[in-house]
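Each chain is listed here by its residues.
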Amino acid sequence: MIKLITLKAFRLNLVLNNYLKAFVLLFVFCAYSPISHAQTKSDSIKKHKEKFSFKMLKDTLDGNLDMSYVLMHNNGFIPVPQIVTESALGGIGLVMAPVFIKPNKHQVEGEHVAPNITAAFAGYTANKTWGFGGFRKASLPKYHLKYTVGAMYANINMEFYRDIPVVGNKEFDFNFRVAGGFVSVLREIANTDLYMGLQYYYGHVDVTPQFQNVEIADFFKEKDFSSNIGSLGLALEFDKRDNVFTPDKGWYISSQYQVNANWTGSDYDFQNFNLEILKYFQVTPKWVSGLRFQSQLQFGDAPFYLEPSVVMRGVPMAKYQGDEVYVLAMEQRYDFLYRWSAIGFGGLAKAPTKRVSFDDAELVYSYGGGFRYLIARMFKLRTGVDVAWSNNGDFGWYIVFGCAWNNFN
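What counts as what
- Residues numbered from 1 in each chain as written.
- Predicted model: local features only at pLDDT ≥ 70, side-chain atom pairs only at ≥ 80, totals over all residues.
- Heavy atoms only, no water.
- Helix = DSSP H or I, 4+ residues; strand = E, 2+ residues; numbered from the N terminus.
- Buried < 20%, exposed > 50% of the residue type's maximum accessible area, 1.4 Å probe, protein only.
- Core = buried A, V, L, I, M, F, W, Y, C linked by side-chain atoms within 4.5 Å.
- Pairing = 2+ DSSP bridges.
- Phe/Tyr/Trp six-rings, centres within 6.5 Å; stacked < 30°, edge-to-face > 60°.
- Lys NZ or Arg CZ within 6 Å of the ring centre and 35° of its normal.
- Patch = residues over 30% accessible without salt bridge, like charges linked within 9 Å, V, L, I, M, F, W, Y side chains within 5 Å.
- Areas by Shrake-Rupley, 256 points an atom, 1.4 Å probe, with all protein chains shown as cover.
- Salt bridge = Lys/Arg side-chain N within 4 Å of Asp/Glu carboxyl O.

Undergrad: I keep staring at the overall build of the protein chain and nothing clicks. Help me out?
TA: Scanning the protein chain from terminus to terminus reveals two helices and 17 strands. Expressed as a percentage of its 409 residues, the buried residues of the protein chain come to 57%.

Undergrad: What is the right way to read the nonpolar core from this model?
TA: In this structure, M158, F160, F174, F176, V207, F304 and Y305 are the most contacted members of the largest nonpolar core, which totals 34 residues. Elements supplying a minimum of two residues to this core: β3 (93-102), β4 (116-125), β6 (145-164), β7 (168-188) and β8 (194-209).

Undergrad: Is there a simple way to think about the pairing of strand β15 (residues 364-376) in this case?
TA: Look at any regular strand and the pattern is simple: side chains alternate between the two faces of the sheet. With 10 bridges connecting them, strand β14 (residues 340-350) and β15 associate as antiparallel partners. By the bridge assignment, S341 is partnered in β15 with R372. One ladder, built from 10 bridges, connects β15 with strand β16 (residues 381-390); its direction is antiparallel. Among the inter-strand pairings, L374 is bridged to a residue of β16, identified as R382. Between β15 and β16, which pair antiparallel and follow one another directly, the connecting turn spans four residues, one of which, K380, has a positive phi of 55°.

Undergrad: Help me understand the environment of R355, please; the structure alone is not making it clear to me.
TA: Along the polypeptide, R355 turns up in the loop between β14 and β15. Residue class for R355 comes out exposed when judged on its relative accessible area of 79%. Residues R355 and D323, spaced 32 residues apart in sequence, show a C-alpha to C-alpha distance of 9.7 Å.

Undergrad: Quick question: what am I supposed to make of the packing of aromatic side chains here?
TA: One pair of aromatic rings is described through two measures. These are the centre distance and the angle between the planes. Here the structure, examined in full by the defined rule, presents 17 aromatic pairs. Where F160 meets F174, the ring centres are 6.0 Å apart and the plane angle is 80°; that geometry is what we call edge-to-face. Taken together, the residues F160 in strand β6 and F174 in strand β7 connect sequence positions 14 residues apart. By relative accessible area, F160 is classed as buried at 0%. Judged by its relative accessible area of 1%, F174 falls in the buried class. Aromatic pair F176 and Y305: ring centres 5.4 Å apart, planes at 70°, arrangement edge-to-face. With F176 in strand β7 and Y305 in the loop between β12 (287-301) and β13 (324-334), the pair connects residues that are 129 residues apart, well separated along the chain. As far as the burial class goes, F176 and Y305 line up, both buried. Grouping aromatic residues by their ring pairs yields a cluster made of F160, F174, F176, F304 and Y305. A cation sits over an aromatic face here: R313 above F345, 3.8 Å from the ring centre. One Lys or Arg, K350, reaches over the ring of F358 and ends 4.9 Å from the middle of that ring.

Undergrad: Sorry if this is basic, but what is going on with a nonpolar patch on the surface here?
TA: On the surface, a nonpolar cluster with roughly 1000 Å² of combined accessible area is contributed by I83, I92, L94, M96, L348, L363, Y365, Y367, W389, F395 and W397. Only β3, β15 and β17 (395-401) provide two or more residues apiece to the nonpolar patch. Within the secondary structure, W397 sits in strand β17.

Undergrad: Just to check I follow, could you spell out the pattern of salt bridges for this structure?
TA: A side chain with one charge can pair with a side chain of the opposite charge if their charged atoms come near. In this structure the tally under the stated criterion is 16 salt bridges. With a closest N to O distance of 2.6 Å, R339 and D59 form a salt bridge. Of this pair, R339 sits in the loop between β13 and β14 while D59 is found in the loop between α1 (17-27) and α2 (68-73), placing the two residues 280 residues apart along the sequence. In this structure R339 comes out as buried when scored by relative accessible area, which is 3%. Here the salt bridges share partners, and the residues they tie into one network are D59, D62, D66, R339 and R377.

Undergrad: Sorry, what's going on with unusual backbone geometry here?
TA: In terms of backbone geometry, most residues other than glycine have negative phi values and most peptide bonds are trans. Positive phi is not limited to glycine here, since H144 has a value of about 60°. Relative accessible area serves as the criterion here: at 26%, H144 is assigned to the partly exposed category. Its identity as a non-glycine residue notwithstanding, N392 has a phi of 60°, on the positive side. Inspection of the secondary structure puts N392 in the loop between β16 and β17.

So, in structure tokens, the structure goes:
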């Protein structure tokens, strides 16, 4: 989803797990999915930068609003304002992200080669969360390589939830100051579309509780006040979707095994195993069905803010955490007009812990709907708005570019 392109997501798998990772994803809205480059030679990007005019925002086929020409011909640059709607970050905010999209110089006949993307971002939300950073995602088809590098600084205000005897489920407010960088290098294995490689994240995290009775928060350890996170991971990625923004069919499988230890530069000793599987298929030419399975397993002694958490639309970030997380979701899209689509989705999840088994863990559910508009025909990029509900009346609304699941990858 451009939404990352909204960054598919920083698929900078920032080891700050799903909530901090999701925050970065929100901040990096427009930039980084492996964008399919579906151009013909006649559509190739012009070498000179054209002066912007509002005519560029109209499709030559139907005269409707379309961003394809700007993306492809305006020197590969587009300024992107993004509204942040995550309730855990204050419910409203704004991110600005100038995104430079350049076609890869090394094209492969008969194949889609992702363009190189360079972006910067800065944003602020209603609960005084703010951050800035940048990244580059590029590929070297000649050598079957693709890489991502990035860095960011963020001041994050967030709530975490824990069950307290007698009191029940209580939220604790924290402030996080995070500075970090990420690098990933993957290589294709024998022309199979399966990529394997290494990724490394290093960050320094300062945590300040925004409540007085720190002693009641038994999940908060003294070293959590100021610590380093160094994560070295082995990553696998298989992508056979027909489009990375708004797929109609195909598979996407991603898996990472990440190690945090003294020798990786971390103050903690723990490991994560993540698996994500997406499947898209067309029930009819206008009806597209999507299925998503995700599992996160954690072993060892991780800081509380890096424990796996349920990430679904309508579910506040970090509300349901556990040593394991399992998510099963579906999304249905019906293209009732050429440019307009209706969306319906739902999902189930559980987050068992060492003390609570899978059977006894609370069943988390979410459901909702929305619409999409084909905003960039040449990229098959759809954008729109979703609304979602989950357990205990939690509600969220989301501006989505491409597929919403790209935000969670």
